[in-house]
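Architecture and fold: a report
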Amino acid sequence: MLVHDRVQHKVSNLRGTVRHVGKVDNCGDDGEFIGVEWDGVEQGKYDGEVFGKRYFTAPPKSSSFLKARNLVTGQELCQGLLAKYGLAEEHAKKVIEVGNAEKRDACVRKFEKLKSPGKSKRSGLVNVVMAKSVIRADDGSFPHLVNVMASGMAVSRIGPVSAYFPNVTDLSLADTLISRWREVFTIVTSLPSLKSLSLSGNRFEPLESSTLRDDVAATTATLSPLTVLSISNTHLPWSTVRYLASVFPALTDLNACDNGLAEPPAFREGEAAALARVRLDGNAIRDWAALRAGFAELKDLTHLHLSGNPLRVVTGEAAWPGLRALYLRSTRIDDWAAVDAMRDLEVKELCLSETPLTDGLTEHERRCLLIARIPSLETLNRGAVGRNERANCERFFVRYYHGAPDPPPIHAALVARHGELLPLAEIDMAPKLTAEVTVRYSSLEQTTAAVLNVRNTVETLKKTLCKPFSLPADKVLLTRIDPEVPNTPFASETLVHPDRMLFTYNVKDGDIIEVAVNKAHVDPALLGQNVPNDTENSEEPPKDSSGAGDNQQSSPPVATDDA
């Protein structure tokens, strides 16, 4: 076991990097200890110092000193894959034991022509072809296997991978125990068809060995034509990232997210010249000008991902003539001038959300203001921008800045296109849940004001209005009178259906609800008595299951902390 090796704890399965191999003073044991810095925080006990002596430097509570017997250094990639696909082979043989070889080959040819083979109606076809891909040839290899997933395996060495998997095009080695660059370059020199390689989540030794660099330079002609490289969450510095990008001249996609990278150093002319899509999400990039200067030689850059960076400013000086997409979600952009600069960049796809710039705006306002400012935009936050939407957004923009003392630069052009549009009147189209009415007790010659919940039923209203006078609800007749249209057929309407809600009778503000009852059913002592005060506004909107009976929104439930 050597320094920079990757190890896994046998019991907890925690993974880390070897930082010390040797004795530990004052521990009472003269044997060899392995000092490990774990990948996660607070997974250990030490910071590289134990019993007053420092052996390496690490964050607090991130390291441990263990015996080698408690750690696993990993296996060969070939061993792990043979175990994985060897078991699948037995199942595969059972799957394709249907029909003869000619039919199976025809099935494979048909599968290769399908554009969406994952549909359920073709599941049998997919199963046969996928099963065929894990069947070994006579020489023991898996010639049909092109996509290999070794993510999460305890793999630290490569082995004779080309002998078993000669035609692999996509290989994922994310979150493994590989830490040696020589193993990585063994892969890319052994697999001539390899197009995509993922090394994300691993921790590597420093790439500072001139011997290794010379070896790689001498074998550049034998490297696979790699086009996609993923090294996210590897904590690699820019010097290593640049070197890897330059080693593979056909590289078009580079994923280097969550590495703590700041502004890049300048790429030299011809270095990583084919790069078109660069993902740098979740890093520490703050300076747009420095980023533009560092990537000035990436003339073929079309997609730039910078989400999750503390970036505040974007300027419009064009460094990449073919830039098509810019992703800036969860950045610190807080000035609309940055959006105006994106107009000068002529981006067609933009992701800009969860930023201080758009705080306080509705989703509709955010989308309209962004679309109107960038005429070249075809996609915003993963949503396509159509012709009609653009026209509506531009009109909204004109109205939004109507009368503003210092409107954005594009405002004049949009006014020339759509005219000087006035802001639209704000009309609340939501239905009212209450109605302020006058209740008139015709038999008692009494009148009072009340606020009714229009989603209550006629029967509920009867009980509410009869309660102050102890009137029999089944003997009461309610009539709605509209004083705004007297002497018309719509001036009054009897509320005869007890189960109907009041809004179906068009009960509204200003109406009169007449309560009629035969005097024979009225307590003589109540005749001529004033209406009790508790009848006014006495009706409370019921809290029905839909929440529609309450004019105010209820607060969301709050989870209490156990602490």
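These remarks concern the structure in this document. (Residues numbered from 1 in each chain as written. Predicted model: local features only at pLDDT ≥ 70, side-chain atom pairs only at ≥ 80, totals over all residues. Heavy atoms only, no water.)

**A short note on the nonpolar core**
- One finds Leu197, Trp288, Phe295, Leu304, Val314, Leu328 and Met342 to be the most contacted residues of the largest nonpolar core, which totals 91 residues.
- Sorting the residues of this core by element identifies α1 (77–95), α5 (181–190), α7 (238–247), α8 (288–294), α9 (336–345), α10 (363–373), α11 (387–400) and α12 (411–418) as the ones contributing at least two each.
- Setting aside anything within four residues of it in sequence, one finds Phe295 in contact with Trp238, Pro264, Phe267, Val278, Leu280, Leu304 and Trp320.
- The next biggest cluster of nonpolar side chains, apart from the first, holds 23 residues, and it includes Leu471, Leu502, Val507 and Val517. (Core = buried A, V, L, I, M, F, W, Y, C linked by side-chain atoms within 4.5 Å. Buried < 20%, exposed > 50% of the residue type's maximum accessible area, 1.4 Å probe, protein only. Helix = DSSP H or I, 4+ residues; strand = E, 2+ residues; numbered from the N terminus. Contact = heavy atoms within 4.5 Å.)

**Thoughts on the pairing of strand β22 (residues 446–453)**
- As judged from the 8 bridges shared by strand β21 (residues 434–441) and β22, these two strands associate in the antiparallel manner. Bridge pairing in β22 places Glu436 opposite Val451.
- From the end of β21 to the start of β22, which pair antiparallel, there are 4 residues, and Glu445 there has a positive phi angle of about 55°. (Pairing = 2+ DSSP bridges.)

**Re the sheet that holds strand β6 (residues 63–66)**
- With respect to topology, 5 strands assemble into an open sheet ordered β6-β3-β2-β1-β7, the strand pairing being antiparallel. The sheet is open, and its two edges are formed by β6 and β7 (71–72), each paired on a single side.
- Note: strand β1 (residues 6–9) against strand β2 (residues 15–22), 3 bridges, orientation antiparallel. Directly across from Arg6, in β2, lies its bridge partner Thr17.

**Description of the sheet that holds strand β12 (residues 196–198)**
- Across the sheet, which stays open at both edges, the 11 strands sit in the order β9-β11-β12-β13-β14-β15-β16-β17-β18-β19-β20 with mixed pairing between neighbours. Each end of this open sheet is capped by a strand with a single partner; those strands are β9 (147–149) and β20 (383–384).
- As paired elements, strand β11 (residues 170–172) and β12 share 3 bridges and run parallel to each other. Bridge assignment links Ser172 to a residue of β12, and that residue is Ser198.

**A few points about the packing of aromatic side chains**
- In the structure shown here, the tally under the stated rule is 13 aromatic pairs.
- Here the aromatic rings of Tyr46 and Phe65 are separated by 5.8 Å at their centres, their planes lie at 70°, and the arrangement is edge-to-face. Separated by 19 residues along the polypeptide, Tyr46 in the loop between β3 (33–38) and β4 (49–50) and Phe65 in strand β6 bring together distant segments of the chain.
- Of the residues examined, Tyr46 reaches a relative accessible area of 23% and is grouped as partly exposed.
- Aromatic ring contacts, followed pair by pair, group Tyr46, Tyr55, Phe56 and Phe65 into a single cluster. (Phe/Tyr/Trp six-rings, centres within 6.5 Å; stacked < 30°, edge-to-face > 60°.)

**Notes on α12**
- Those residues of α12 that sit buried are His411, Leu414, Val415 and His418. Projected down its long axis, α12 shows its buried positions confined to an angular sector of 105°, all on one face. More than 90 degrees from the buried face of α12, the exposed residues found are Ala412, Ala416 and Arg417.
- Elements in contact with the buried residues of α12: α10 and α11.
- Count one or two residues on from α12 and you reach Gly419, which has phi positive near 90°. (Arc of directions from axis to C-beta.)

**Re α7**
- Judged by how many residues are buried, α7 sits mostly within the fold: 8 of 10 residues are covered.
- For α7, the complete set of buried residues consists of Trp238, Thr240, Val241, Arg242, Tyr243, Leu244, Ala245 and Val247.

**Topic: unusual backbone geometry**
- With a phi close to 55°, Asp258 is a non-glycine residue in the positive phi region.
- In this model, Ser330 sits at a positive phi of 60°, which is unusual for a non-glycine residue.
- Tracing the sequence through the fold places Ser330 in the loop between β17 (325–327) and α9.

**Examining the packing of α11 against α12**
- Look at α11 against α12: their axes get within 9 Å of each other, and the N-to-C directions meet at 115°. The orientation of α11 relative to α12 falls into the category roughly perpendicular. The chirality of how α11 crosses α12 is left-handed. Contacts between α11 and α12 involve Ala391, Glu394, Arg395, Phe397 and Val398 on the former and, on the latter, His411, Leu414, Val415, Arg417 and His418.
- Split into classes, the residues belonging to the contact of α11 with α12 amount to 5 nonpolar, 2 polar and 3 charged. (Axes fitted to C-alpha atoms, helices over the stretch in contact; angles between N-to-C directions. Parallel < 35°, antiparallel > 145°, perpendicular 65-115°, else oblique. Left-handed = near helix turned anticlockwise from the far one by under 90°. Nonpolar A, V, L, I, M, F, W, Y, C, P; charged D, E, K, R; others polar.)

**Points about the pairing of β1**
- The two faces of β1 match: Arg6 and Gln8 on one face and Val7 and His9 on the other face are all buried.
- Turn length for the β1-β2 hairpin, with the two strands adjacent in sequence and antiparallel, is 5 residues, and the turn residue Asn13 shows positive phi of about 65°.
- As judged from the 2 bridges shared by β1 and β7, these two strands associate in the antiparallel manner. Its bridge partner being in β7, His9 is matched across the sheet by Leu71.

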